[in-house]
Structures are given as C-alpha cells and as structure tokens.
Amino acid sequence: PEIVKYWDELEAIATRKTGAHKIHLPSGRHLRFEVLKHKPLTVEYVKGKGTEKSWGAKLVENVTQAVARDLLADCLVKLDDADLKVLLHVHDSVIIECRKDEADKTMQIIKGIACKAPDWMPELPLEIDIRRCSNGLSE
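Residues numbered from 1 in each chain as written. Predicted model: local features only at pLDDT ≥ 70, side-chain atom pairs only at ≥ 80, totals over all residues. Heavy atoms only, no water.

Caption draft 1: Region of the structure containing the overall build of the protein. Within the protein, the secondary structure is distributed over three helices and eight strands. Scanning the protein from its N terminus toward the C terminus, one meets helices and strands in the order α-β-β-β-β-α-β-β-α-β-β. Residues classed as buried in the protein amount to 25% of the 139 residues present. When contacts within the protein are restricted to residue pairs at least 6 apart in sequence, long-range pairs at least 24 apart make up 35% of them. Approximately 9,900 Å² of the protein is accessible, and the part contributed by carbon and sulfur atoms is 55%. (Helix = DSSP H or I, 4+ residues; strand = E, 2+ residues; numbered from the N terminus. Buried < 20%, exposed > 50% of the residue type's maximum accessible area, 1.4 Å probe, protein only. Contact = heavy atoms within 4.5 Å. Areas by Shrake-Rupley, 256 points an atom, 1.4 Å probe, with all protein chains shown as cover.)

Below, the structure is given as structure tokens:
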C-alpha cells in the first residue's frame, strides 16, 4: 500500500503541471525531469536527449534505481577509502582484486563496508552476496 501511495503521489506531481520537476532522494541528490505534455494516464517527459512516456509506477522505478545507484556510489567510495582495488562494477556487482592469501580478510572488510548503511539512510538493512573468484570465475 505504501508503494502504491508513493506511486500516486509522484504521478500527481508529474500530471499537475508541465515544466521542470525534481524528486528529492534520500542521498540529497535529486532526479530532474521536464514534463512536456500530459495525456490520459501518461506523462511525456525529457530524459537525456529524447523524450519518454511515463506514469507513476515508472517514476517509482526510476527513484528506486536512483537510490540503488547512490548506495553503490557510496560503497565504491568507501571501498576506495579502504585501499581496495576495484577492477570493475556493473549494476550492483563489484569485482575487487586482492592477493589470494588475503582473500578471506579482504572479503570480511568488503562485507563490513558494503553492509553498513550510509549516513543518509542509517536504518536501511543491507546484505550482500560475496564470492571468492579466480580470474573472474567462481571457485
């Protein structure tokens, strides 16, 4: 029910008027979109260089993905601060290189960093799936 309520709130904001809109995110960042015109049940808005049609559920999905991006960015900064060598990150996955004899210790450090909620959302429960790999292949 809370998701549907939020969905309705975002849809109401987007369909109230044309022009620029901001959705504030917990991280302090915001999503900005420009509503060009309204049609029944959809909103046409500028995204990047093109336009897209949207509605409340899609706006909620955009907010969810933006918060996930902010969580990953926060984690990547903390991993870098811990001098961990991030080789690659894709979507919600991170590949970190370390010496084989330090893998268990490194995995514990990673888990401690990745499972700690950011200051801007301290009550968020976080958990990760972590695996030891050799040359990108699970052991």
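Caption draft 2: Molecular detail of the side chain of His21. Summarising the element assignment, His21 is placed in strand E1 (residues 19-24). On the basis of relative accessibility, which here comes to 6%, the residue His21 falls in the buried class. Not counting residues within four places of it along the chain, the set of residues in contact with His21 comprises Ile13, Ala14, Leu31, Arg32, Phe33 and Val35.

Caption draft 3: Seen up close, the packing of helix H2 (residues 56-81) against helix H3 (residues 103-114). Packing of H2 against H3 brings their axes to within 9 Å, and their N-to-C directions diverge by 140 degrees. Taken as axis vectors, H2 and H3 run oblique relative to one another. As H2 runs across H3, the sense of the crossing is right-handed. Facing H2, whose interface residues are Cys75, Lys78 and Leu79, H3 presents Ile110, Ile113 and Ala114. Classifying every residue of the contact of H2 with H3 gives five nonpolar, no polar and one charged. (Axes fitted to C-alpha atoms, helices over the stretch in contact; angles between N-to-C directions. Parallel < 35°, antiparallel > 145°, perpendicular 65-115°, else oblique. Left-handed = near helix turned anticlockwise from the far one by under 90°. Nonpolar A, V, L, I, M, F, W, Y, C, P; charged D, E, K, R; others polar.)

Caption draft 4: Local environment of the packing of helix H1 (residues 2-16) against H2. In contact at an axis separation of 8 Å, H1 and H2 are set at 105 degrees when each is read in the N-to-C sense. Between H1 and H2, the angle is such that the two are roughly perpendicular. From H1, Ile3, Tyr6, Trp7, Leu10, Glu11 and Ala14 reach across to H2, where they touch Gly56, Ala57, Leu59, Val60 and Val63. Taken together, the residues that form the contact of H1 with H2 break down as nine nonpolar, one polar and one charged.

Caption draft 5: Molecular detail of the side chain of Asp70. Structurally, Asp70 is set in helix H2. Owing to a relative accessible area of 5%, Asp70 belongs among the buried residues under this scheme. Among the polar contacts listed, one links the side chain of Asp70 to the side chain of Arg29, at a separation of 2.7 Å. Aside from chain neighbours lying at most four places away, what touches Asp70 is Leu25, Ser27, Arg29 and Trp120. (Polar contact = N/O pair within 3.5 Å; in protein donor to acceptor, adjacent residues only side chain to side chain.)

Caption draft 6: Spotlight on the nonpolar core. Among the nonpolar cores identified, the biggest contains 12 residues, and these are Leu10, Ala14, Ile23, Leu25, Leu31, Phe33, Val35, Leu59, Val60, Val63, Ala66 and Val67. Mapped by element, the contributors of at least two residues to this core are H1, strand E2 (30-39) and H2. Once residues within four sequence positions are removed from consideration, Leu25 is found in contact with His30, Leu31, Val63, Ala66, Val67 and Asp70. With eight residues, the next largest nonpolar core counts Cys75, Leu84, Ile113 and Ala114 among its residues. (Core = buried A, V, L, I, M, F, W, Y, C linked by side-chain atoms within 4.5 Å.)

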